[in-house]
Every structure is written in C-alpha cells, then in structure tokens.
Amino acid sequence: MPTLDRPEPPYLQIAGRIREDILSGRLQEGDAVPSAREIARTWAVAMATATKVLATLRSQGLVRPVRGVGTVVDRGGLHRTARDRNAASTRTGRIYPPGHYAVIRSAGLEQAPERAAAALGLEEGAPAIRRRRTTYGPDSRPLSTSTSWFDGTLSAKAPALLVPERIVEGTSAHAAARLGTKIATTQERHAAGRASEEEAAELGLPAGSPVLLGRSTFLAADGTVVEYGESAALPDHWVFYEYTTEDGE
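Here the structure is a predicted model, which is why all the values come from computation and not from measurement.

1. Notes on the overall build of the chain
Step number 1: Scanning the chain from N- to C-terminus turns up 7 helices and 8 strands.
Step number 2: Taking all contacts inside the chain whose residues are at least 6 apart in sequence as the whole, residues at least 24 apart take part in 60%.
Step number 3: Here the chain has roughly 13,500 Å² of accessible surface; of this, 51% comes from carbon and sulfur atoms.

2. What to know about unusual backbone geometry
Step number 1: Positive phi values are uncommon outside glycine, yet A44 reaches one of about 55°.
Step number 2: Relative to the helices and strands, A44 resides in the loop between α2 (36–43) and α3 (47–59).

3. Here we look at the packing of aromatic side chains
Step number 1: Across all of its chains, the model carries 1 aromatic pair by this definition.
Step number 2: Look at Y101 and Y136: their rings are 5.1 Å apart centre to centre, the planes differ by 10°, and that puts the pair in the stacked class. You can see Y101 sitting in strand β3 (residues 101–111) and its partner Y136 sitting in strand β4 (residues 127–136), a full 35 residues away along the chain.
Step number 3: Residue class for Y101 comes out partly exposed when judged on its relative accessible area of 28%.

4. Details of the confidence of the model for the chain
Step number 1: Looking at the chain, pLDDT values average 84 and 82% of them are 70 or higher.
Step number 2: Per-element confidence in the chain is highest for β4, whose mean pLDDT is 95, and lowest for helix α4 (residues 82–92), whose mean pLDDT is 57.
Step number 3: The low-confidence segment residues 243–249, where pLDDT is below 50, has 6 contacts with residues more than four positions distant or belonging to other chains.

5. Thoughts on the pairing of strand β8 (residues 225–233)
Step number 1: In terms of residue burial, β8 counts as a mostly covered element, since 7 of its 9 residues are buried.
Step number 2: Remark: 4 residues form the turn of the hairpin made by strand β7 (residues 210–220) and β8, two consecutive strands paired antiparallel; G223 in that turn has positive phi of roughly 90°.

Criteria and cut-off values
- Residues numbered from 1 in each chain as written.
- Predicted model: local features only at pLDDT ≥ 70, side-chain atom pairs only at ≥ 80, totals over all residues.
- Heavy atoms only, no water.
- Helix = DSSP H or I, 4+ residues; strand = E, 2+ residues; numbered from the N terminus.
- Contact = heavy atoms within 4.5 Å.
- Areas by Shrake-Rupley, 256 points an atom, 1.4 Å probe, with all protein chains shown as cover.
- Phe/Tyr/Trp six-rings, centres within 6.5 Å; stacked < 30°, edge-to-face > 60°.
- Buried < 20%, exposed > 50% of the residue type's maximum accessible area, 1.4 Å probe, protein only.
- pLDDT = per-residue confidence, 0-100.
- Pairing = 2+ DSSP bridges.

This is the structure we're talking about:
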C-alpha cells in the first residue's frame, strides 16, 4: 500500500528540539526554557504554535510553569531509561545530566544466570562481567538500581568493566568501542513489579515495594549483543516514548 510522507507539525518539531536538549542534559533541572514569545521569534511561528510547544512539553512531564519565572525544566517525575542514557552518551559523551550521578556497587566476573546468559548468547554458568550500580538525582535520593552483564571474554579488551568505578561515556558505548563497533539498537522492556531485597535496600524501600522493572539489550549493527541490563526504578516516575506512524493510526 502506498504511503504519504507526512512531516511533523511545526510545534512537534520545535518541542522535539527542546526535548533533546532536556534529555541530553544541555538544559538542566530548573533551567528556564524559551518562553512562547521567544519560541515565536526564534522559529518564526505564530504565538498559538509557540504556546502548543510549551503545552506539549508539559504534557510529556519535562517542564513546569513557575510564577514570576516562566517555564522551567522539571524531570522529577520522569524515569531516565537506558535508551535515554545511550542517546545522551552519543550527543554529549556523558550518560547523566548535571546533578545526577551513579555509584558502582560492584564489578567483576561471575557465572552468568539463565536470563543474562540467554540474552548474551552464552551457556548458563559461563563467565560474564557483572556491574551493579545505583543512580541518584540532584537531591542525592536513589532513583534506580541496575545490573549490567557482558560476555566474560570482553574482560581482556575492556578491563575497565571489572573495576567498580564509573565509566563516563557509559558501559555500552565503552564496550562497543573496545569491540571496534558502536551501539546501533537499544531494546527496552518495562513492567510493574516488586523490589527484591537487594533492590529495595539500594532504593531505600521496604522489600516487596512496587517498582518499575526494566530489561535493556544493547546491540551492535551486526546484531551482536554488547550489553544486557536489568533495572528497578522508583514508582511514580514516568517513562517517555515517542512513536511516529505513517498511517496516522
């Protein structure tokens, strides 16, 4: 069936540009975003269009109005996914926006459990690199905890993965670079669940508390799985996705 090329409306294109600045960290928490008047002048669009830009960003949980100030960045209710971090690494060379940081809980070689082994194409129990981290927000409150798994043979090319210290550009980008490739695809799955004892302890929650569970797979262009990760994040934090369809449905 033939399809039509329908470019996004101007207000969505402008909102997309500002959203990229927010997700990449170029606009930080609390920073003012352009006013409707500034948007109209900069992009040569009508005030009605500029107003829709700000309304769109508010509906996506990225900004909020502040009396006497205008509209400011507010990511407090937005969960930063593995895809967000990978995109930020590509754009800025850093995976976290200013004010956010991670503490690496542990790193080393372990026997791959069933789920991680299947994702990495290994035999269960084969050597695998395991990295455990907790991510914090500007107020030093834990936001999420995650575990990354890599093929154990990668330890010779990327020994930094075995050290419990932060890798500024992100583990997937670092591992891919050591393999002579880049991350081409990030697959994400999310579901509501309950925190394990380890996850709850790291998030400061009672064991069994509701959390947002995530599973992420980072693939190179040839389909090789570079990293497989599992995470648990605080409830009441939204995951933002944007899909473009050609048929309007």
